[in-house]
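The residues making up each chain are set out below.
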Amino acid sequence: MWTGILYALAAGLMWGLVFISPLLLPEYPAALQSVGRYLAFGVIALPLAWMDRRALRLLSREDWLEALKLSAVGGLLYYLCLASAIQLAGAPLPTMIIGTLPVVIAITANLRDAHRDGRLPWLALAPSLVLIGMGIACVNRAELATLDHPSGMDLWRYARGGLLAAGAVACWTWYPLRNADWLRRHPDRSPRTWATAQGLAMLPLALAGYALLWSLMKVGGNPFAMPLGPQPWRFIGLMAAIALFSSWLGSLCWNSASQRLPTALAGQLIVFETLAALAYAFVLRGHPPGALTLTGVALLVAGVAWAVRIKPRPVELAVE
């Protein structure tokens, strides 16, 4: 179990990087950042696939179709929603909404996968969920307090950002549950191979998306300097870094965690992504977090620490 927790921590540290790219490339459309990231992921997956070619040959047509679905929803669509939300609403609101993922996934998995994984008893799970929820509320209350008399247009942008962040939550509630289903059905398969397969499945989809976006911008008379924008080397470097660390390495670590942990517990450990994203945001701002933010972080860590103590029980023995 502790090995799985360490893998989940590593995945969170990698995934937290995706929150800073929209802040570092504010003039780049969210759709371009999404297809650019996953185009880079697909290119990085090519040499990895050559090294892992024997294991990849064992994947069936149904496996490749599943990899494509996971990549499309948990990759392209999720990042499109997240990057758009951050550009519209800034970092605080999307971080708050994405931060609810541990609670949403834990509850969904406990309802959905109890017969496979055993059930984390609701009474035992409740304090952990409450602590995580309180921690997220504290952190984001501190962030939202920085807003100063927003206008009607600011509120409309904020609302649109909130809706898109909710869409990202829906994508990433579906992804880890569906991904864990495949990994549990194939315990003999390497998490590395499955992460590489998702990158390969993403490559043609990202290429098609890039070409479609370029065409639509050209037809619509958008003056944006395609294909790489006004800061090409910065764009390429960020997309490549996020593709390598967040997409491939993060997926590899998460797949390893998913094979070792009950889905309901793994879902709560996505809280590490929220903590990493907040840490990176404060590094970019150049000042430390305040007391309320630190209180929220402490509550988040306490909630996770409580959760890892709970042992899943067979359904017939679970105490409600």
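That block above? That's the structure.
Everything in this summary refers to the structure shown in the same document. (Residues numbered from 1 in each chain as written. Predicted model: local features only at pLDDT ≥ 70, side-chain atom pairs only at ≥ 80, totals over all residues. Heavy atoms only, no water.)

**Things to note about the packing of aromatic side chains**
Put simply, the rule is: Ring geometry is summarised as follows: Phe, Tyr and Trp rings, the Trp one being its six-membered ring, pair when their centres sit within 6.5 Å, and such pairs are stacked at plane angles under 30 degrees, edge-to-face over 60 and tilted between the two. Only DSSP runs of H or I reaching four residues or more are called helices, and only runs of E reaching two or more are called strands; each is numbered from the N terminus. Whether a residue is buried, partly exposed or exposed follows from its accessible area with a 1.4 Å probe, protein chains only, as a fraction of its type maximum: under 20%, in between, or over 50%, in that order. Two conditions define a charge sitting above a ring: the NZ of Lys or the CZ of Arg must be within 6 Å of the ring centre, and it must be within 35 degrees of the ring normal.
All told, the structure shown has nine aromatic pairs when counted by the stated rule. Where Tyr28 meets Phe224, the ring centres are 5.2 Å apart and the plane angle is 80°; that geometry is what we call edge-to-face. Taken together, the positions of Tyr28 in the loop between α2 (21–24) and α3 (30–51) and Phe224 in the loop between α11 (191–219) and α12 (232–260) put the pair 196 residues apart, joining distant regions of the chain. Across the pair, Phe224 and Tyr28 agree in class, each one buried. These aromatic residues form a ring-pair network of at least three members: Trp15, Tyr78, Trp172, Tyr175 and Trp254. Sitting above the plane of the Tyr79 ring, Arg37 keeps its charged end 4.6 Å from the centroid. It is Arg53 that lies over the ring of Trp50; its NZ or CZ is 4.0 Å from the centre.

**Focus on the side chain of Ser71**
Convention followed: Here a polar contact is recorded for every N or O atom pair within 3.5 Å, except that within protein the pair must consist of a potential hydrogen donor and a potential acceptor, and residues adjacent in sequence are included only if both atoms are side-chain atoms. A contact between two residues is defined here by any heavy atoms of the two lying within 4.5 Å.
Looking at where Ser71 falls in the secondary structure, it is placed in helix α5 (residues 61–89). Only 2.8 Å separates the side chain of Ser71 from the backbone oxygen of Ala67, close enough to count as a polar contact. The residues contacting Ser71, other than those within four sequence positions of it, are Leu76, Gln198, Ala201 and Met202.

**Observations concerning the packing of α5 against α11**
Condition: Note on definitions: angles span 0 to 180 degrees between N-to-C directions of axes, and those axes are lines fitted to C-alpha atoms, for helices only across the stretch in contact. Throughout, the term roughly parallel applies to angles under 35 degrees, roughly antiparallel to angles over 145, roughly perpendicular to angles from 65 to 115, and oblique to all others. Under the grouping applied here, Gly and all other residues not named as nonpolar or charged are polar, the nonpolar ones being Ala, Val, Leu, Ile, Met, Phe, Trp, Tyr, Cys and Pro and the charged ones Asp, Glu, Lys and Arg.
It is the contact of α5 with α11, at a shortest axis distance of 8 Å, that shows an interaxial angle of 75°. Regarding the angle of α5 to α11, the classification is roughly perpendicular. Contacts between α5 and α11 involve Asp63, Trp64, Glu66, Ala67, Leu68, Leu70, Ser71, Ala72, Gly75 and Leu76 from the first element and Trp194, Ala197, Gln198, Leu200, Ala201, Met202 and Leu205 from the second. Residues of the contact of α5 with α11, tallied by class, amount to twelve nonpolar, three polar and two charged.

**Details of the environment of Leu261**
Positionally, Leu261 belongs in the loop between α12 and α13 (263–268). With relative accessibility at 1%, the residue Leu261 sits in the buried group.

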